[in-house]
Amino acid sequence: MKDALAIHRWLLAHQVHHEIVRLPRAMTCSDELPEVLSASPEICLGVTVLEVTTRIGREPVAVVTSVGSPPRPGVIGGILEARRVRQASAFTVNSATDYASGLVCPLLLPPTLTVLVDERLTRTVTPVYVPTGERRTALLIRADHLLTLVSGKIVDLTRHGSRREPATFPLAG
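Residues numbered from 1 in each chain as written. Predicted model: local features only at pLDDT ≥ 70, side-chain atom pairs only at ≥ 80, totals over all residues. Heavy atoms only, no water.

With respect to the element layout, Thr53 can be found in strand β2 (residues 45-53). For the pair Thr53 and His14, spaced 39 residues apart in sequence, the C-alpha separation works out to 35 Å. Residue contacts for Thr53: discarding those within four places in its chain leaves Arg58, Ala82, Arg83 and Arg84. (Helix = DSSP H or I, 4+ residues; strand = E, 2+ residues; numbered from the N terminus. Contact = heavy atoms within 4.5 Å.)

Right under this line is the structure:
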């Protein structure tokens with residue numbers, strides 16, 4: 001499993017200014033970042049891993065958003081022309097990302113994993129917090145630096161689905 005040290009070393013190798021923040025208490029998922037850090041949910045980012053079923057088959061898809069604006073499965077289904085979108089199991093998240101479920105960092109994700117990035121994040125000019133795969137640390141990094149390092153497709157997650165709304169399931173953090 002990847003952790004804060006792996007992320008720190010990778011960012012140092014890329015000469016990216018960042019800070020690994022020690023949290024005052026442990027968290028179980030990225031949705032807890034705003035509460036733990038007393039920060040706005042708009043500057044706390046998370047990665048939601050969904051299991052997407054298309055005509056070709058089933059695959060995990062990672063979606064990077066602020067924890068204040070989680071992805072809607074119907075919108076993701078419309079973007080990917082999926083038949084079904086649902087929350088991925090913890091096993092799938094761990095296997096697909098090599099991070100602990102709920103604490104996935106948008107950095108160092110496998111190149112084979114489809115990654116979608118919320119377009120609204122491109123307008124964020126402040127530093128943001130992201131999980132590191134560990135319960136007691138977070139990464140503080142400028143949003144523009146993070147987005148240049150994330151290998152994903154920037155998409156509009158505010159649109160209201162497609163010609164048909166795929167089956168959706170409530171997202172659990």
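Here the narrative resumes, following the displayed structure.
Of the residues making up helix α4 (residues 90-97), those classed as buried are Thr92, Val93, Ala96 and Thr97. Projection of α4 onto a plane perpendicular to its axis shows the buried side chains occupying an angular sector of 100 degrees, all on one side. Phi turns positive, to about 65 degrees, at Asp98, one or two residues after α4. (Buried < 20%, exposed > 50% of the residue type's maximum accessible area, 1.4 Å probe, protein only. Arc of directions from axis to C-beta.)

Now for the pairing of strand β6 (residues 127-131). The element β6 is largely enclosed, with a buried count of four among its five residues. Judged from the five bridges that link them, β6 and strand β7 (residues 137-142) form a sheet pairing that is antiparallel. Directly across from Pro127, in β7, lies its bridge partner Arg142. The antiparallel pairing of β6 with β7 creates a hairpin that spans five residues between the two strands, and Gly133 there sits at a positive phi of about 95 degrees. (Pairing = 2+ DSSP bridges.)

Moving on, we come to the sheet that holds strand β5 (residues 114-118). Overall, mixed pairing links the five strands, which are arranged β4-β2-β3-β5-β8 in an open sheet. Pairing within the sheet leaves two strands with one partner each, and these edge strands are β4 (84-87) and β8 (153-155). Strand-to-strand twist of the sheet, defined as the mean angle between neighbouring strand axes without regard to direction, takes the value 35 degrees. As defined by bridge partners, β2 adjoins β4 across four bridges and the pair is classed as antiparallel. Each residue of the ladder has a partner; that of Glu51, found in β4, is Arg86. (Axes fitted to C-alpha atoms, helices over the stretch in contact; angles between N-to-C directions.)

Our next topic: the sheet that holds β7. Whenever strands of a sheet pair, they do so through backbone hydrogen bonds, lying parallel or antiparallel. The strand order β1-β7-β6 describes an open sheet built from three strands, whose pairing is antiparallel. Every interior strand has two partners, whereas the edge strands, β1 (19-22) and β6, have only one. Between one strand and the next, the sheet's axes are offset by a mean angle of 35 degrees, whatever the strand orientation. Relative to β7, β1 is paired through four bridges, and the arrangement is antiparallel.

As a further point, take helix α1 (residues 4-13). Those residues of α1 that sit buried are Ala4, Ile7 and Leu11. When α1 is viewed along its axis, its buried side chains cluster within an angular range of 65 degrees and face the same direction. Exposed and facing more than 90 degrees away from the buried side of α1 are Arg9 and Ala13. In the core, the buried residues of α1 are packed alongside β1, β7 and α5 (143-149). Just downstream of α1 lies Gln15, where phi reads positive at about 55 degrees.

Overall, the coordinates contain six salt bridges when judged by the stated rule. Linking Glu51 and Arg58 is a salt bridge whose minimum nitrogen-to-oxygen distance equals 3.4 Å. Since its relative accessible area comes to 10%, Glu51 is described here as buried. Of the charged contacts in the structure, one is a salt bridge between Asp144 and Arg142, with a shortest N-O distance of 2.5 Å. When its relative accessible area of 37% is taken as the criterion, Asp144 is described as partly exposed. (Salt bridge = Lys/Arg side-chain N within 4 Å of Asp/Glu carboxyl O.)

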